[in-house]
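# Structure at a glance
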Amino acid sequence: MPLPPQASIEEKYGALCRRNVKESRKVCWSVIRRVFASLEHELSNGSYMRPGGYRKFRSALDQGAQLYRSAKCKGVMSEEVLTEYLEEKHVVGQSIRAADQNLTDAQKKMEEENIRREEAEQQQRLLQQRTCMQEQALRDLEESNQENIRQLNRKMEEERCRNQEELQRVLSAKLQEQKELLERGFDRRAEDLEEEIEKLKRDKREAEKPKPEPSCWSEVKAGLKQAGKAVGKKVASWFGW
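Attention in this report is confined to the structure presented alongside it. Quantities reported herein were computed from a predicted structural model and do not represent experimental measurements. Residue positions are given per chain, counted from 1 along the sequence in the order it is written. For this predicted model, a pLDDT threshold of at least 70 governs which residues receive local features, and a threshold of 80 or more governs which side-chain atom pairs are given and counted, while totals over whole chains, interfaces and linings are taken from all residues. Based on all heavy atoms of the structure, the side-chain values leave hydrogens and waters out of the count.

### Overview of the overall build of the protein
Basically, it comes down to this: Helix numbering and strand numbering both begin at the N terminus, where a helix is a DSSP run of H or I of at least 4 residues and a strand a DSSP run of E of at least 2. Here's how the labels work: a residue is buried when its accessible area is under 20% of the maximum for its type, exposed when over 50%, partly exposed in between, all with a 1.4 Å probe on protein chains only. Pairs of residues are marked as contacts when any of their non-hydrogen atoms sit within 4.5 Å. Accessible areas in this description were obtained via Shrake-Rupley with a 1.4 Å probe; residue shielding takes into account the shown protein chains only.
Counting its regular elements, the protein contains 7 helices and 0 strands. When the helices and strands of the protein are placed in sequence order, the string is α-α-α-α-α-α-α. Here the protein holds 241 residues, and 31% of them are scored as buried. Taking contacts inside the protein between residues at least 6 apart in sequence as the whole, the part at least 24 apart equals 80%. In the structure as shown, the protein presents an accessible area of about 15700 Å², 52% of it carried by carbon and sulfur atoms.

### Quick notes on the packing of helix 2 (residues 37-45) against helix 4 (residues 78-99)
What counts here: Orientation is described by axes fitted as lines to C-alpha atoms, over the contacting stretch for helices, and by angles from 0 to 180 degrees between their N-to-C directions. Each crossing gets its hand from how the near helix is turned against the far one by less than a right angle, where anticlockwise is left-handed and clockwise is right-handed. For this classification, Asp, Glu, Lys and Arg are treated as charged, while Ala, Val, Leu, Ile, Met, Phe, Trp, Tyr, Cys and Pro are nonpolar and the rest, including Gly, are polar.
Interaxial distance between helix 2 and helix 4 falls to 13 Å at its minimum, and their mutual angle equals 35°. In terms of crossing hand, the pair formed by helix 2 and helix 4 is left-handed. Listed contacts from helix 4 to Leu39, Glu40 and Leu43 of helix 2 are Tyr85, Lys89, Val92 and Ile96. Of the residues assigned to the contact of helix 2 with helix 4, the class counts are 5 nonpolar, no polar and 2 charged.

### Re the nonpolar core
One broad rule of soluble globular proteins: the nonpolar side chains tend to lie buried together. To keep things clear, this is the line we draw: Joining through side-chain atoms within 4.5 Å is the link that ties buried Ala, Val, Leu, Ile, Met, Phe, Trp, Tyr and Cys residues into a set, and such a set is a nonpolar core.
Core analysis: the biggest nonpolar cluster contains 31 residues, and Ile32, Phe36, Leu39, Phe57 and Tyr68 have the highest contact counts within it. Mapped by element, the contributors of at least two residues to this core are helix 1 (6-35), helix 3 (53-70), helix 4, helix 5 (105-183) and helix 7 (215-238). Ranked by residues supplied to this core, first place goes to helix 1 with 8 residues. Not counting residues within four places of it along the chain, the set of residues in contact with Ile32 comprises Ala37, Tyr68, Val81, Leu82 and Tyr85. The next biggest cluster of nonpolar side chains, apart from the first, holds 8 residues, and it includes Leu171, Leu181, Ala190 and Leu200.

Structure follows, in C-alpha cells:
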C-alpha cells in the first residue's frame, strides 16, 4: 500500500486552508460592517471633526472592537481582519486628533502613546493567532502522515499473514501427498518430497519470525519528517500572510 505523495497531502490541506481563509474573511468583514456601522456613519457625516470629536471617535472604535471580539464563529482570520480595519482607521484617527481643538499638545502626545500601546497589543493578538494556526496545521499534517504510516504497517502485516497462510496451505498439501505415497508403498517418491517439505518448513519458520523494518522504510519516515519541517514555510502562503 503506497503512501499518498506528500505533495498531494500538502496541496489538499493547503486548498482547505485557503477556503477557510476566504470564508472567514467574508464572515469577519460582515461583522466589521455591522459593529462599526455607527462609527462609519459618524465619519461620513464629519461628526468627529469637531472639538471633542477625537475621544468620541476613540470610544466608538473601542466599543466596536469589543463587539467584534464578542461575536462568535468568525473563523481563522478574526484578528487578521480586525487588525486590517484598525490600521485603516489609524490614519483617520490621526487627522481627527490633529484637528481636535479640545486636546492640548500634551494630551495629544499622551493619546499617541496610548495608540502605540494598543497597536502593539493588537499585533501580539495577531501573532498569537497566527502561531496557533501554524501549530494546528503542522499537527494536522503530522497526524495525516502518522495515519499513512499506520495504514502501511497494517498492509505489511496483512501481507505477512497471507504469506504464512499460503506457506501453511502448500506445506499441508505436500505432507498429505507424502502420507498418501507412503500408504500406497511409494517410499522412493515420498522421500523425493522430503527436501521440498523441509524447505517449506524452513520458509514457514522464517516467515513467522518478527521482521525488521525494510531499509527503505526508514527513508520513508525520514522523508515524511523532513517534509513536515518544510511545510512550516508554506503555511504562511496558505493563510495569505
